Protein chains: 2
Amino acid sequence: MSQTHPEPEFDEPGDIHDRIRDAIAADDVDGLEALLATLTLSDALREILQFAPKERDRIFGMLHADRAAELINEAPNEIAVELVERLSVGTAVDIIDELDSDVQADVIGELSDEDAEAILAEMDEQDAADVRRLVSYDDGTAGGLMIAEAFTFHEGDTVGQVLRRLASDEEDFEPYRGQHPYILDAEERPVGVVSLRALLTSKRSAALSGIMSTPVTVGAQAPLDELRDLFDKYSYLGIPVVEADGRLVGVVSRSAMDEAVLERSESDGLKRQGLVGDELRSQPTVLRARRRLAWLSTNIVLNIIAACVISAYEETLTAIIAIAIFLPMVSDMSGCSGNQAVAVTMRELSLGLVKPIDAFRVWAKEASVGVINGIVLGILIGLVAWIWKGNAVLGGVIGVALALNTVLAVSIGGVVPLLLKRFGQDPAAASGPLLTTITDMAGFFLVLSLASAFLPWIV
Amino acid sequence: MSQTHPEPEFDEPGDIHDRIRDAIAADDVDGLEALLATLTLSDALREILQFAPKERDRIFGMLHADRAAELINEAPNEIAVELVERLSVGTAVDIIDELDSDVQADVIGELSDEDAEAILAEMDEQDAADVRRLVSYDDGTAGGLMIAEAFTFHEGDTVGQVLRRLASDEEDFEPYRGQHPYILDAEERPVGVVSLRALLTSKRSAALSGIMSTPVTVGAQAPLDELRDLFDKYSYLGIPVVEADGRLVGVVSRSAMDEAVLERSESDGLKRQGLVGDELRSQPTVLRARRRLAWLSTNIVLNIIAACVISAYEETLTAIIAIAIFLPMVSDMSGCSGNQAVAVTMRELSLGLVKPIDAFRVWAKEASVGVINGIVLGILIGLVAWIWKGNAVLGGVIGVALALNTVLAVSIGGVVPLLLKRFGQDPAAASGPLLTTITDMAGFFLVLSLASAFLPWIV
C-alpha cells in the first residue's frame, strides 16, 4: 500500500497490534495505556477484539478500571458481556463500578446467575440494589433504559440547597447530565421540576415548591416508541420514570432513547437476514454457524415447497427447456421488488408513519407502483426472452408472468410486515422468508402454467 | 374489529381522519389544533400524510406556525421539504422561523434555488445569513449537523454576566440545550469553556478567563464517524464546531449526532434493496416507481449474465430435467448465506469494529463458518435431492455444489462491503447486487458442470 495514501491508519494497524502484544508480554501497564490512548475508543476496542480471548483477558486485567470501563461502555452489549464474564470477580467489580447504572444492569442482566451474584455480592450495597432493580425491567422499556441515579430534592427544600449541591464537589454529577432537579413528595412521587433560570432568579431561601412546575413523567413499562414520542414532543434531555404507584424509580435520558432506537434499527437489519442473536465476528465460530443455520435450514424447507411447483410441471419443462433459464430470473426479480416494498414499510413503521391499521392504504399505494414496474419489467424481460430464444410467445409468457408476479410481490412485501406486527410477530425476522416463499411459488406457477397453456405455440 | 381490542387506536383513525377533514372544510382552526393535540406528534404527522397534497397544504396554512414547525421537525427530511415547497412563501417563512437552524438549513438546502431565495429574502437577515452558511456544509459532517446558535462570551466577561444572561428571559435558551458557555478570543476562536459548578462557586466579579478550561472542538468538515468517536470519548452534550482558521461557526449536539447515525442506518437498509432516494409512500407514485426501476432494471442485466451460464448447459438440462428444480434453490440458499455475511459486515462497519484493512481477517472468519454451514446445508439438500429423485449421484452433485457455493457466498458477502468501502463506493447500495450475481453464476456453474461430469451416472 502506498505511503502517500491519505488515510494513515491503513499503514499502522499491524504495527499497533504488535506493539500492544509486546506491552502485554512485558507486563508494561503504562506502555499499554499510552498505546491505547493514541487511538479512538472504537479503534482501541477494534484492536483488542483482534486478540485471542486469553490475551483480551490479560489486557483488561492490566488496564486501569476507568479505562477498561470506557471500552466496555463502547462495546456492543453482547461483546461487553463476553468480556466481563471471563474476568476475575475482583477485576470485574472494579470495572463495573465505573459504569453508569444502566450499563451495569445491561451487562449483569446477561451474565449467568452465578457470575451475576458473585459480582453483586462484592459491589457497594446501594449500587447492587439499584442494579437488581434495573435488571427487573425489560430491555425495550423506559425502566430498562433508565439510570437509577436521579437529582432529587424534597418539597420542603430551598433554592439554596439545590445551588449548594450543584456547587459542591462531593457528588459525581456525571450520571445526572441533562437532568433538572426533581422535587419528590413524602411518598417519593415526583411532583415538580425546577429550571436553572428559576433557580438563578429566586432567593436562596425560597422553597422549591414555590418555583417548581409540573414534571412530565413516563411509566417504567412504557415501550421505546412511546418514549420516542415523548422526547419528540418535549425538548427535555431527561424524563423521570415512575412505577405504577407514582414512585420515582429513575431517569431516562434522550441519548439512552436515541441509542436504543439505533440498536433496534441495526438489530432489525440483521434479523432480516435471519440473524437473531446480533452476531459479531469475535463470537465463537460454532455459535455463529449454529445461529445462521437455524434460519438457513428453515429456508431449505421453504425452498422445497416452492420447488414442488416446478416439479409438478416437469413435462412442460422437458418440452421447453429454455424455460429453465428464466425461472431463477423471475424468482429473483420478484423477490427484489417485494423486498423493496418490505424495506419501505419497515422504515415507515420505524418512523411511526404507518400502523397495522393502514394495511389497505399501503396495499393500494404499493399496487399502483407494482403495476407500473410490472409492466416495464415484464416488457423488458419479455423482449429479452423473445430475442434470445427467437419465440414471441415465449417472450409474452415470461413477460406476463413477471408483470403479474411483480404486482403480487410488492403487495405482499408492503403489507406482510404490518400483518405480522398486527399479530404480535416480529416483522423484521419473518417478512423476508414469507415473501420469498410466496413469490417463488407464484412466479414458478405463473411461468409454468402459462407456458403449458401456450405450449403448442412455443415448442 | 372488536370493541374490546386492547389497542384503542385501532377503532379511531377513520374517525379522526373524518373529523380533521370536517375541521378543514369548516375552516375551524381551533378545532383542528385541538384534534391534532390529542395525538402524539408522529400520529398527527401520519394522519396528515394520509390527506391529498392539496388538503395537506390547507392544514399547514391553517395551523399556528409553532405547531406546524413541530410537525415539520418530526417529519423525515424528504417529507419536510415536500411539505414546505408547496406552501406560500409567507406561510413557509412563518413556519421556518420556528425551526432550529440545523433543520432550517436541511429543509432550505433541499428546495429549488428559486424557492430557497424567496424564503431567505423574507427571513430575519441574521437568521438567513446563518442558514446560507449552514447550507454550505455537507450533510454528514459536523458543519452539516451543527446549529449556528452558540452560547458564547468573550475573555473579558465575568461570571456575573453569564449568570445574568442565564437568568434573563430575553433570550430563548431552547436551541442551547446542553451547551456550556464557550469563551471566544478576539478572533472568535473558542479558547475556553466554563462548567456550571465553576460558575456557582466563583465570585460574580471573577473573570471567565480565570475559571475556564480548554474546550474540545471539532472541525466543520469532520465526518459523522469522527463526531461519533468524540461523543463516545467525552460525555459532553454539545461540542463547538470550528472552521479551518479556528473560528467558532456553531455547536453540534449529541442528539443531532445520534439522529444522523440512526438516519444513516435506516437509509442503508433502504439502499440495500436498491432504494437510494429514501422512499416514503407519501411521495408521488411515478417518482417511487422510477426510483425503484432504476435498480431493478440493472438487476435484470445482472440476472441475464447469470442466466447465460444456465443457457450454456442446455444439453445437460435436457438430459436431467430434475436439475431445473434445484437451480433456483441453490441460487436462493447461497444468496441467503452471503447476505447474512453482508449484514454482519455492515453492522461491524457501522460500529467501527472492522475497517477495510481487516478484509483478510474477516474472510478467514467467514470461511470457517462457511465450511461448517456448507457441509451441513450440502448434506441436507443432497439428501432431499437423493430421496426426491431416487438418485444418489444427483444428490451428491447438488450437495457438493451448494457446499462449495456457500463457502464462496459468505467469503464474498463478508469481504465485498469492505472492498467497496476501500475504493470509495457505498457498500450499502452495491454489496447485494454484486454478491447475488457472482453467487448465482457460480452456483449455476457448479451444479451444471458437476452434473455434466457425472452425467452417465445420473441419467
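Quick caveat: nothing in here was measured; it's all calculated off a predicted structure.

Enquirer: What is the right way to look at the interface of chain B and chain A in this model?
Expert: Put simply, an interface is often sized by how much accessible area is lost when its parts join up. Residue-level contacts link 118 residues of chain B with 119 residues of chain A. Summed over both partners, the interface of chain B with chain A comes to about 10,900 Å²; 61% of that surface belongs to carbon and sulfur atoms. It is Arg281, Gln340 and Arg347 of chain B in chain B that bury the most area against chain A; as a group they hold 8% of the surface buried on that side. Summed over the shared surface of chain B and chain A, the result is 16 salt bridges. The salt bridge involving arginine 292 of chain A is made with glutamate 366 of chain B; its shortest N-O contact spans 2.8 Å. Across the contact surface, chain B and chain A share 41 residue pairs in polar contact (both at pLDDT 80 or more). Examining the composition of the side of chain B that touches chain A, we find that 17 residues originate from one element, helix α19 (residues 323-350) of chain B, more than from any other. The residue makeup of the side of chain B that touches chain A, split by class, is 54 nonpolar, 30 polar and 34 charged.

Enquirer: I'm lost on the packing of helix α17 (residues 285-312) of chain B against helix α22 (residues 427-453) of chain B in this one. Help?
Expert: Between two packed helices, the angle of one axis relative to the other and the distance separating the axes together describe the packing. Residue and element names in this part refer to chain B. Two numbers describe how α17 lies on α22: the axes approach to 8 Å, and their chain directions differ by 15 degrees. Classified by the angle between their axes, α17 and α22 sit roughly parallel to one another. α17 and α22 meet at a crossing whose hand is right-handed. Along the contact surface, α17 presents Trp295, Leu302, Asn303, Ile305, Ala306, Val309 and Ile310, while α22 presents Pro433, Thr437, Asp440, Met441, Phe444, Phe445 and Leu448. Taken together, the residues that form the contact of α17 with α22 break down as eleven nonpolar, two polar and one charged.

Enquirer: Honestly, the UniProt feature "domain: CBS" (unreviewed entry) in chain A in this entry has me stumped. Any pointers?
Expert: Residues annotated by UniProt as "domain: CBS" (unreviewed entry) correspond here to residues 146-209 and 211-267 of chain A. Spanning residues 211-267 of chain A, this segment combines 44% helix with 23% strand, and its end C-alpha atoms are found 44 Å apart.

Enquirer: Looking at this structure, I do not really get the pattern of salt bridges. What am I missing?
Expert: If charged atoms from side chains of opposite charge come close, those side chains can pair. Within this structure, the stated rule accounts for 54 salt bridges over all chains. One salt bridge in this structure joins arginine 189 of chain A and glutamate 187 of chain A, with 3.2 Å as the shortest N-O distance. A salt bridge links aspartate 27 of chain B to arginine 58 of chain B, with the nearest nitrogen and oxygen atoms 3.4 Å apart. Within this pair, whereas aspartate 27 of chain B is found in the loop between α1 (13-25) and α2 (29-37), its partner arginine 58 of chain B is found in helix α4 (residues 53-62), the two being separated by 31 residues in sequence.

Enquirer: Explanation requested: the sheet that holds strand β1 (residues 152-154) of chain A in the structure shown.
Expert: Remark on secondary structure: sheet strands pair via backbone hydrogen bonds, oriented parallel or antiparallel. Residues and elements named next belong to chain A. Across the sheet, three strands lie side by side as β1-β2-β3; this open sheet has mixed pairing. Among the strands making up the open sheet, the edge pair consists of β1 and β3 (190-193). Between one strand axis and the next, the sheet turns by 35 degrees as a mean value, whatever way the strands run. In this structure, β1 lies alongside strand β2 (residues 182-184), joined through three bridges in parallel fashion. Directly across from threonine 152, in β2, lies its bridge partner tyrosine 182.

Enquirer: Before we go on, may I ask you to explain the packing of aromatic side chains in this structure?
Expert: Two numbers describe a pair of aromatic rings. These are the distance of the centres and the angle of the planes. One pass over the structure, following the stated rule, counts eleven aromatic pairs over all chains. Geometrically, the ring pair formed by phenylalanine 326 of chain B and tryptophan 388 of chain B is edge-to-face, given 5.9 Å between the ring centres and 80 degrees between the ring planes. Here phenylalanine 326 of chain B is found in helix α19, whereas its partner tryptophan 388 of chain B is found in helix α20 (residues 359-389), with 62 residues between them in sequence. Overall, the relative accessible area of 28% leaves tryptophan 388 of chain B in the partly exposed class. The residue whose ring lies beneath arginine 165 of chain A is phenylalanine 153 of chain A, and the NZ or CZ to ring-centre distance is 4.6 Å. The ring centre of phenylalanine 423 of chain A lies 5.4 Å from the NZ or CZ of arginine 422 of chain A, which sits over that ring.

Enquirer: I tried to follow the domain arrangement of chain A on my own but got confused; where do I start?
Expert: Along its sequence, chain A is carved into domain 1 (8-137), domain 2 (152-271) and domain 3 (285-458). The centre of domain 1 of chain A, based on its C-alpha atoms, is set 29 Å off from the matching centre of domain 2 of chain A.

Reading the values: rules and limits
- Residues numbered from 1 in each chain as written.
- Chains lettered and ligands numbered in written order.
- Predicted model: local features only at pLDDT ≥ 70, side-chain atom pairs only at ≥ 80, totals over all residues.
- Heavy atoms only, no water.
- Contact = heavy atoms within 4.5 Å.
- Buried area = accessible area lost by both parts, 1.4 Å probe.
- Salt bridge = Lys/Arg side-chain N within 4 Å of Asp/Glu carboxyl O.
- Polar contact = N/O pair within 3.5 Å; in protein donor to acceptor, adjacent residues only side chain to side chain.
- Helix = DSSP H or I, 4+ residues; strand = E, 2+ residues; numbered from the N terminus.
- Nonpolar A, V, L, I, M, F, W, Y, C, P; charged D, E, K, R; others polar.
- Axes fitted to C-alpha atoms, helices over the stretch in contact; angles between N-to-C directions.
- Parallel < 35°, antiparallel > 145°, perpendicular 65-115°, else oblique.
- Left-handed = near helix turned anticlockwise from the far one by under 90°.
- UniProt positions renumbered as here; feature names shortened; annotations may be inferred.
- Pairing = 2+ DSSP bridges.
- Phe/Tyr/Trp six-rings, centres within 6.5 Å; stacked < 30°, edge-to-face > 60°.
- Buried < 20%, exposed > 50% of the residue type's maximum accessible area, 1.4 Å probe, protein only.
- Lys NZ or Arg CZ within 6 Å of the ring centre and 35° of its normal.
- Domains from an automatic or database assignment.

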